[in-house]
Amino acid sequence: MPANNLTSRPLSGRVAVISGASRGIGLSCACHLAAAGADIMLLAAHSARLQAAAQDVHEAGAGKVHFCAGDLRTLEGCRNAHAAHFGHFDRCDIFIHSAGATRGGVFPEQDDADYIDGFALKFHAGVRLARLFWPALRSARGTIVMINGTASRTPSKSFLVGGAVNAALANFTKGLAEQGLADDVNVNWINPGLTETDRLTTLFGTRAQEENKTINEIRDERIEQEGIRRIGQPEDIAALAAFLCLPQARHIHGAGITVDGGATRGYF
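Thresholds, definitions, all that
Residues numbered from 1 in each chain as written. Predicted model: local features only at pLDDT ≥ 70, side-chain atom pairs only at ≥ 80, totals over all residues. Heavy atoms only, no water. Salt bridge = Lys/Arg side-chain N within 4 Å of Asp/Glu carboxyl O. Buried < 20%, exposed > 50% of the residue type's maximum accessible area, 1.4 Å probe, protein only. Helix = DSSP H or I, 4+ residues; strand = E, 2+ residues; numbered from the N terminus. Core = buried A, V, L, I, M, F, W, Y, C linked by side-chain atoms within 4.5 Å. Contact = heavy atoms within 4.5 Å. Axes fitted to C-alpha atoms, helices over the stretch in contact; angles between N-to-C directions. Parallel < 35°, antiparallel > 145°, perpendicular 65-115°, else oblique. Nonpolar A, V, L, I, M, F, W, Y, C, P; charged D, E, K, R; others polar. Disulfide = S-S within 2.5 Å. Left-handed = near helix turned anticlockwise from the far one by under 90°. Lys, Arg positive; Asp, Glu negative; His and termini not counted.

Participant: Where do I start with the pattern of salt bridges in this structure?
Facilitator: Should the charged atoms of two oppositely charged side chains come close, the side chains can pair. By the definition in use, this model includes twelve salt bridges. One salt bridge in this structure joins Asp-93 and Arg-91, with 2.5 Å as the shortest N-O distance. Judged by relative accessible area, Asp-93 falls into the buried class, the value being 1%. The salt bridge partner of Arg-141 is Asp-184, with a shortest N-O separation of 2.4 Å. Of this pair, Arg-141 sits in the loop between helix H4 (112–140) and strand S5 (143–147) while Asp-184 is found in the loop between helix H5 (160–183) and strand S6 (186–192), placing the two residues 43 residues apart along the sequence. By relative accessible area, Arg-141 is classed as exposed at 52%.

Participant: I keep staring at the nonpolar core and nothing clicks. Help me out?
Facilitator: Nonpolar side chains in soluble globular proteins generally cluster together in the buried interior. Leu-33, Ile-40, Leu-42, Val-57 and Ile-96 are the most contacted members of the largest nonpolar core, which has 36 residues in total. Those elements that provide at least two residues to this core are strand S1 (15–19), helix H1 (24–35), strand S2 (39–44), helix H2 (47–60), strand S4 (94–97), S5 and helix H8 (234–244). A per-element tally of this core places H1 first, with seven residues. When near neighbours in sequence (up to four residues on either side) are disregarded, Ile-40 contacts Ala-16, Ile-18, Ala-30, Leu-33, Ala-34, Val-57, Lys-64, Val-65, His-66 and Phe-89. Of all hydrophobic cores here, the second largest spans 33 residues; its members include Val-17, Ala-99, Trp-134 and Ile-144.

Participant: How should I be thinking about the packing of helix H6 (residues 198–211) against helix H7 (residues 215–226) in this particular structure?
Facilitator: Working note: a packed helix pair is described by the angle between its axes plus the distance between those axes. Between H6 and H7, the shortest axis-to-axis distance is 8 Å and the interhelical angle comes to 105°. It follows from the interaxial angle that H6 and H7 lie roughly perpendicular. Here Phe-204, Gly-205, Arg-207, Ala-208 and Glu-211 of H6 come into contact with H7, specifically with Ile-215, Ile-218, Arg-219, Glu-221 and Arg-222. Residues belonging to the contact of H6 with H7 are distributed by class as follows: four nonpolar, one polar and five charged.

Participant: Hey, could you run me through the state of the cysteines in this one?
Facilitator: Such a bond, covalent and formed between the sulfur atoms of two cysteines, is termed a disulfide. Overall, the coordinates contain zero disulfides when judged by the stated rule. Left without a disulfide partner, Cys-78 is nearest to the cysteine sulfur of Cys-68, which lies 10 Å away. Of all cysteine sulfurs, the one in Cys-29 lies closest to Cys-245, which takes part in no disulfide; the gap is 8.1 Å.

Participant: Just checking my understanding: could you explain the packing of H1 against H2 for this structure?
Facilitator: In contact at an axis separation of 7 Å, H1 and H2 are set at 30° when each is read in the N-to-C sense. Taken together, the axis directions place H1 and H2 in an arrangement best described as roughly parallel. The two elements H1 and H2 cross, and the hand of that crossing is right-handed. Residues Leu-27, Ala-30, Cys-31, Ala-34 and Ala-35 of H1 form the contact with H2, whose own contacting residues are Ala-53, Asp-56, Val-57 and Ala-60. Counted by class, the contact of H1 with H2 contains eight nonpolar, no polar and one charged residues.

Participant: Quick question: what am I supposed to make of the side chain of Arg-207 here?
Facilitator: Looking at where Arg-207 falls in the secondary structure, it is placed in helix H6. One buried charged residue, Arg-207, remains without a salt bridge, the closest side chain of opposite sign being Glu-211 at 4.2 Å.

Participant: Quick question: what am I supposed to make of the environment of Leu-194 here?
Facilitator: Tracing the backbone shows Leu-194 in the loop between S6 and H6. For Leu-194, the residues in contact, after removing those within four places along its chain, are Leu-200, Phe-204, Arg-222, Glu-226, Ile-228, Ile-231 and Gly-232.

In structure tokens, the structure reads:
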């Protein structure tokens, strides 16, 4: 977690809501924003994990930290999260959407349930939360950062759900950025590559089972295949997300930024 730096708090007075914030990239984003002075609302499904995450975020910064547990796959869950936020805070300056762990699988065996669940949490929750918080973000001249994924631009037969969901979220976010120009809300998205999260471990485990290999063998193969030095860390993504919330990043708008150690070969 980032060190608490009370001498430089550029987000002091700002309030951020972060989905998928109980672990991984979402939690790291929360800690980075807290260290920069922001007050934080954490959203995720599991109350116990959120309670532990809130302690980590509190240790990273000196501001207020609250959390709301609920199922963001549903409209009701998103509405409850929105209501909980404004039960604690009177504004929202930053929305970071990091919820969603789509499942790997092999076509055509992978059935509808994986696609429906993938879109429900990552895509529909992102759309709904952005819509619910938009009036407050517009009033605050705020910032949205969607945590997406490189599969949006690099389809794979073993990650069809993730690729489809990420592509849809990237398209939505690019379009939302146009509305952001009209309403003075800054909108960007980040495409993480291989990043050390529970989600990646699960994906590696699925592939290891399918290919009758160990997780370490799959891990080493992926590093070699992608030609990268190491697996990314949540802090690699969070540092960029935090920067995109600063005034200095205001001219970065409607951009999808890849953080993958150089794995993506395309230049666009």
